[in-house]
Amino acid sequence: MEIRCPRAFLLPLTVVFFIFFFGPQFLFASEKEYTRPPPGCIIFTKHDRSESEPQQVHVSLAGSDHMRVTWVTDDHEAPSTVEYGTAPGQYNAMARGENTSYTYFFYSSGEIHHVKIGPLKPDTTYYYRCGGCGPEFSFKTPPSTFPIEFVVVGDLGQTDWTKSTLKHVESKDYDIFLLPGDLSYADFQQPLWDSFGRLVEPTASHRPWMVTEGNHEIEMLPIIYPHRFKAYNARWLMPYEESGSESNLYYSFDVAGRSIHIIMLGSYTEFDSDSAQYKWLQQDLAKIDRKMTPWVIVLLHAPWYNTNTAHQGEGESMRKAMEQLLYGARVDIVFAGHVHAYERFTRIHDNNADSCGPVYVTIGDGGNREGLAMSYKNPRSPLSMFREASFGHGRLRVLNHTHAHWSWHRNNETDAVVADEVWLESLSASKTCMGQQPSSLKDEL
Ligand SMILES: [Fe+2]
């Protein structure tokens, strides 16, 4: 491992040119008034395998009984194949997939392979090898019934703090990793996407990682590089086609049979009522039968509710556009990132406590190089139940159709300590809420 501090990093000349002439606000205009604590050091994870061997291996869910295996090779001729089976070294199945690569100014990516494998049995460990060579990996498929456990971490980055968080995540078993945006903090420096892929490989090759994008994934420069999400879309292909979405920037999937429906929204793509994302969300919510699917969970990046002074109001236009849809569908929980801290709210609708609204949680505390968002608005809003600026991760253990346990685990040096926890009841179990869906909202869905 090689450690680099941000001050020692040289941005591409084009970025420097733009920052010099236009100021840094063109990148993240609404962040300009927020001053974060001193940044941490980036850990650059080196490539130590041969050109044809797989690196940056990660897996994700791709339909009800399939997984997608993604990896990178320096060798552009390496085959996009995955051999797999339920015993180590014994591969009785093989699948072939697709491959892609991209360029970004003077950077050329390795070959990025995506292979969908299955059908797979639930709650089963599979051993697999990518491209016919290199190390063997293994993952466990999620169970098809309750209980099921999710880890939730946003704004991960690649620092010592990130390493602590991942170590704590790995210290206790779970089924699915959910990431509400801001992955690598490569910020135009494409080799950092590769470094991030290598850093997370031990965790991301072992359990499915389901991610949505944050502002750090945009990597767009006005005029000179108008393409958005180029690296993110090439490297972190999610099951959008499987959920009827036309974009990798928003999608949904089911777990625990069809008992839990998870919706990944895009804070940095169009969300107004005439947008493709809005129309897709309407259709996606309308398909949910709460008798079959007692839990509905949403992830997005910029929080709709936030009492930290960082990023105030940045999720407001999306909230105004989409909150009614989520409320009408009786969404249970909304996870967001972006603010580098932890905060849990009560059930809310339209800025008021509402027992039929979602619980809102901000969990942008994975451990990136920008540091923590230390400052909160005071006095504290009565809607905010717990808030703390520390790194950590969350765990949502859904026990059955009606009850789930949420816990937030603060990074305390070498240990992870449960600092906040709460039992949640599915809104589908509430006769009051399910019986009082406003007719206008039902019509909208
Ligand atoms: Fe962010």
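Fair warning: this is a prediction, and the values are worked out from it, not measured in the lab.

Quick notes on the rules
Residues numbered from 1 in each chain as written. Predicted model: local features only at pLDDT ≥ 70, side-chain atom pairs only at ≥ 80, totals over all residues. Heavy atoms only, no water. Helix = DSSP H or I, 4+ residues; strand = E, 2+ residues; numbered from the N terminus. Buried < 20%, exposed > 50% of the residue type's maximum accessible area, 1.4 Å probe, protein only. Contact = heavy atoms within 4.5 Å. Areas by Shrake-Rupley, 256 points an atom, 1.4 Å probe, with all protein chains shown as cover. Donors = N, O, S within 2.8 Å, 3.2 Å for Na, K, Ca; no water. Tetrahedral: all angles 85-135°; square planar, octahedral: opposite > 155°, others 65-115°. Salt bridge = Lys/Arg side-chain N within 4 Å of Asp/Glu carboxyl O. Axes fitted to C-alpha atoms, helices over the stretch in contact; angles between N-to-C directions. Parallel < 35°, antiparallel > 145°, perpendicular 65-115°, else oblique. Nonpolar A, V, L, I, M, F, W, Y, C, P; charged D, E, K, R; others polar. Patch = residues over 30% accessible without salt bridge, like charges linked within 9 Å, V, L, I, M, F, W, Y side chains within 5 Å. Pairing = 2+ DSSP bridges. Arc of directions from axis to C-beta.

**Observations regarding the overall build of the protein chain**
Secondary structure assignment for the protein chain yields eight helices and 26 strands. Expressed as a percentage of its 445 residues, the buried residues of the protein chain come to 58%. Partitioning the contacts of the protein chain with sequence separation of at least 6, the portion at a separation of at least 24 is 70%. Accessible area for the protein chain stands at about 17,800 Å²; split by element, carbon and sulfur atoms hold 52% of it.

**Re the coordination of the iron ion**
Protein-derived coordination of the iron ion comes from Asp 182 (OD), Asn 215 (OD1), His 301 (NE2) and His 338 (ND1), at a distance range of 2.1 to 2.2 Å. One way to put it: the four donor atoms around the iron ion meet at angles of 89 to 168 degrees, and that makes the site irregular. Each donor residue of the iron ion lies on one chain, and together they are spaced D-x32-N-x85-H-x36-H. Residue Asn 215 is found in the loop between β15 (209-212) and α4 (230-235), and its partner His 338 is found in the loop between β19 (333-336) and β20 (342-349); the two are separated by 123 residues along the sequence. Neither Asn 215 nor His 338 differs from the other in exposure class; each is buried.

**So, the pattern of salt bridges**
Evaluated as defined, the whole model comprises 18 salt bridges. The partner of Glu 149 in a salt bridge is Lys 172, with the nearest N and O atoms 3.1 Å apart. Here Glu 149 is found in strand β13 (residues 148-152), whereas its partner Lys 172 is found in the loop between α2 (160-170) and β14 (176-180), with 23 residues between them in sequence. Judged by its relative accessible area of 3%, Glu 149 is buried. Taken together, the salt bridges that share partners define one network made up of Glu 149, Lys 172, Arg 395 and Arg 397.

**Some details on the packing of α2 against helix α3 (residues 191-204)**
For the pair α2 and α3, the least separation of the axes is 10 Å and the interaxial angle reads 10 degrees. Comparing the axis directions of α2 and α3 gives the class roughly parallel. Mapping the contact onto sequence places Thr 162, Lys 163, Leu 166 and Glu 170 in α2 and Leu 199, Val 200, Pro 202 and Thr 203 in α3. A per-class count over the contact of α2 with α3 returns four nonpolar, two polar and two charged.

**Notes on a nonpolar patch on the surface**
Where nonpolar side chains cluster on the molecular surface, the patch consists of Phe 105, Phe 106, Ile 223 and Ile 224 and spans about 500 Å² of accessible area. Among the structural elements, Phe 105 can be located in the loop between β8 (103-104) and β9 (107-108).

**Details of the sheet that holds strand β6 (residues 93-96)**
Spatial ordering of the open sheet is given by β6-β5-β11-β12, a layout of four strands whose pairing is antiparallel. The open sheet terminates on both sides in strands that have one partner only, identified here as β6 and β12 (137-140). Direction aside, the axes of adjacent strands within the sheet are offset by 30 degrees on average. Direction of pairing for strand β5 (residues 81-85) relative to strand β11 (residues 125-130): antiparallel, over a ladder of four bridges. Bridge assignment links Gly 85 to a residue of β11, and that residue is Tyr 127.

**Some details on helix α5 (residues 276-286)**
Along α5, the residues that are buried comprise Gln 277, Tyr 278, Trp 280, Leu 281, Asp 284 and Leu 285. Viewed end-on, α5 has its buried residues packed into an arc of 160 degrees, placing them on one side of the element.

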